[in-house]
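In case you want the letters, here they are:
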There are 2 protein chains.
Amino acid sequence: MSAIAKRRERERAQRHQLIITAARELAEAEGWEAVTTRRLAERVEYSQPVLYSHFDGKEAILRAVAVEGFGELAARLRRARLATPEPPQALHAVCRAYLEFATEQPALYQAMFVLPTDVKFAHAETPPPLRAAFDEFVSCFPSDSPRRELFAEVTWSALHGMAALSDSGRIPPNGQTERLDFLVAQIAGTSSGPAAL
Amino acid sequence: MSAIAKRRERERAQRHQLIITAARELAEAEGWEAVTTRRLAERVEYSQPVLYSHFDGKEAILRAVAVEGFGELAARLRRARLATPEPPQALHAVCRAYLEFATEQPALYQAMFVLPTDVKFAHAETPPPLRAAFDEFVSCFPSDSPRRELFAEVTWSALHGMAALSDSGRIPPNGQTERLDFLVAQIAGTSSGPAAL
DNA sequence: GCAGCATCATAGCAATGCTAGACATTGTGT
DNA sequence: ACACAATGTCTAGCATTGCTATGATGCTGC
């Protein structure tokens, strides 16, 4: 490949990322309903068709934003878990990190977990960052338990419920920490469950 | 008011309900993105402007569908709770009823809890059926506990997470009953929580 | 039976996602 | 160095969306 072709590819990749970032920022600033192809094109200082040379449509842009978010979420959960090696506190830290992520970047969180998507979860073509994020929850439970995945699913579901209902104004956003504390206490602390965590 | 005026009001109320039902059925059959004002108008065999003489816009129709759903959900949860008087089983029954409601009528559930809405939750102008549904969860916990509302919030959040993630294909729909069993076991069965439920 | 009014539909607006074609600008071969 | 090809970009437009102003229709009340 010639040098100029490489340069063009670089520029193209840059623009690709620029579009994703612009969509994300615009959504975070004014909500996803404000992210139209025209406004997005104006923001990246190109015309609309350029968007379609990079993505298969608005849906695909959304997917790209979501996948980027999966990577960041996985990294964040991992950091939280490794920073607190004691298992019970680790679970608590990971859950808190999850909720912080959701509240600090609500639009990104919506793209990942609320808006309709074609991204495959728990599937062969699942984006690795997504699987990695989920595995952080799994890692909070004893490795000898055959029901680790179940525990992780329920924990994740509960957190998602809290995040989603809070963000959409369906439960008061204030009580989040109390709810979090209660949740992990219940998940971590009973003999019928992941005992002696 | 004259008799004919009464008749017209009756017809008007009928049409009002007809629109709500049509929107709900159409959404249940093809998803909310297929519910356009034109298709809805065609389905009720009126022209579009008629919709706007009944509702302030598409959003308002959605709200009406959601409120109708709140009533049905509250009734369903109530039946489930009263059918099983023992407290621990009652919680389990109510939670199962909630998940069944969500899976049997996914579009209705979305209108109530996923789609953006202006409906006020935990507020003065909260629709009574919604408050009633939430109270069914509260009633599953001992009346002397000052943290009943917290327990109910977390339980509801967890259930919503399971329902939402399952419906959008983000967790496999199969394990729902196992997740449900685990969840209520954890919520109901620890000394740090609603002990001896 | 006729004036007046409420009711409804036709037609149209701005904005949306998306695409076809013209237009440059850039790179290539002689 | 110059004409030609190819790549990339924009202008203009289509169909569809939510919503509304205007005009036709039919019923009500005198």
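On a predicted model such as this, the values are computed, not experimentally measured, just so you know.

**Let's talk about the domain arrangement of chain A**
Residues and elements named next belong to chain A. The domain boundaries assigned to chain A delineate domain 1 (1-54) and domain 2 (66-188). A C-alpha centroid distance of 29 Å is found between domain 1 and domain 2. The junction of domain 1 with domain 2 conceals about 640 Å² of combined surface from both sides, 45% of it contributed by carbon and sulfur atoms. When the area that domain 1 buries against domain 2 is broken down by residue, the three leading residues are R24, E28 and W32, summing to 85%. Counting every contact that joins domain 1 to domain 2 gives two salt bridges. The closest approach of N and O atoms between E72 and R24, which form a salt bridge, is 2.8 Å. Seen at the junction of domain 1 and domain 2, the total is seven residue pairs in polar contact (both at pLDDT 80 or more). Of the residues contributing to the side of domain 1 that touches domain 2, the split by class is three nonpolar, one polar and two charged.

**Thoughts on the nonpolar core**
Across soluble globular proteins, nonpolar side chains have a tendency to be buried as a group. In terms of nonpolar packing, the biggest core is built from 132 residues, with Y98 of chain A together with Y98 of chain B touching the most fellow members. Sequence-distant contacts of Y98 of chain B, that is, excluding residues within four places in its chain, are made with L73, L77, Y109, F113, F137, W156, L159 and H160 of chain B.

**Observations concerning the relation of the copies chain B and chain A**
Each of the two chain copies can be brought onto the other by rotation about an axis and movement along it. Rotating chain B by 180° and translating it 0.0 Å along the rotation axis places it on chain A, where the RMSD comes to 0.0 Å. The operation mapping one copy onto its partner corresponds to a two-fold rotation axis. An overlap of 100% is found between the interface residues of chain B and their copies at the interface of chain A, pointing to a shared contact surface.

**Focus on the packing of helix α8 (residues 148-167) of chain A against helix α9 (residues 176-188) of chain A**
All names here are of chain A. Running from N to C, α8 and α9 cross one another at 165°; their axes reach a closest spacing of 11 Å. Classed by the angle they form, the pair α8 and α9 counts as roughly antiparallel. As for how α8 packs across α9, the hand of that crossing is right-handed. Touching V154, T155, A158, L159, M162, A163 and S166 of α8 are Q176, R179, L180, L183 and I187, all from α9. Residue composition of the contact of α8 with α9, grouped by class: eight nonpolar, three polar and one charged.

**Notes on the pattern of salt bridges**
Considering all chains together, one arrives at 24 salt bridges over all chains under this definition. Across the salt bridge formed by R131 of chain A and E149 of chain A, the nearest N and O atoms sit 3.1 Å from each other. With a gap of 18 residues between them, R131 of chain A in helix α7 (residues 128-138) and E149 of chain A in helix α8 connect regions that are remote in the sequence. In this structure, R43 of chain B and E25 of chain B form a salt bridge, with 3.3 Å as the shortest nitrogen-oxygen distance.

**Description of the protein's contact with DNA strand C**
Taken together, 18 residues lie near DNA strand C, and T37, Y52 and K58 of chain A together with R15 and S47 of chain B sit nearest. A share of 62% of the atoms of DNA strand C within 4 Å of the protein falls on sugar and phosphate groups. One nitrogen or oxygen atom from the side chain of Y52 of chain A is found 2.9 Å from a phosphate oxygen belonging to DNA strand C. In the model, a phosphate oxygen of DNA strand C is placed 2.7 Å from a nitrogen or oxygen of the K58 of chain A side chain. Breaking the surface near DNA strand C down by element, the ones donating at least two residues are α1 (3-30), α2 (37-44) and α3 (48-54) of chain A together with α3 (48-54) of chain B.

Rules used throughout
- Residues numbered from 1 in each chain as written.
- Chains lettered and ligands numbered in written order.
- Predicted model: local features only at pLDDT ≥ 70, side-chain atom pairs only at ≥ 80, totals over all residues.
- Heavy atoms only, no water.
- Domains from an automatic or database assignment.
- Buried area = accessible area lost by both parts, 1.4 Å probe.
- Salt bridge = Lys/Arg side-chain N within 4 Å of Asp/Glu carboxyl O.
- Polar contact = N/O pair within 3.5 Å; in protein donor to acceptor, adjacent residues only side chain to side chain.
- Nonpolar A, V, L, I, M, F, W, Y, C, P; charged D, E, K, R; others polar.
- Core = buried A, V, L, I, M, F, W, Y, C linked by side-chain atoms within 4.5 Å.
- Buried < 20%, exposed > 50% of the residue type's maximum accessible area, 1.4 Å probe, protein only.
- Contact = heavy atoms within 4.5 Å.
- Least-squares fit on C-alpha atoms with pLDDT ≥ 70 in both.
- Axes fitted to C-alpha atoms, helices over the stretch in contact; angles between N-to-C directions.
- Helix = DSSP H or I, 4+ residues; strand = E, 2+ residues; numbered from the N terminus.
- Parallel < 35°, antiparallel > 145°, perpendicular 65-115°, else oblique.
- Left-handed = near helix turned anticlockwise from the far one by under 90°.
- Near = heavy atom within 4 Å.

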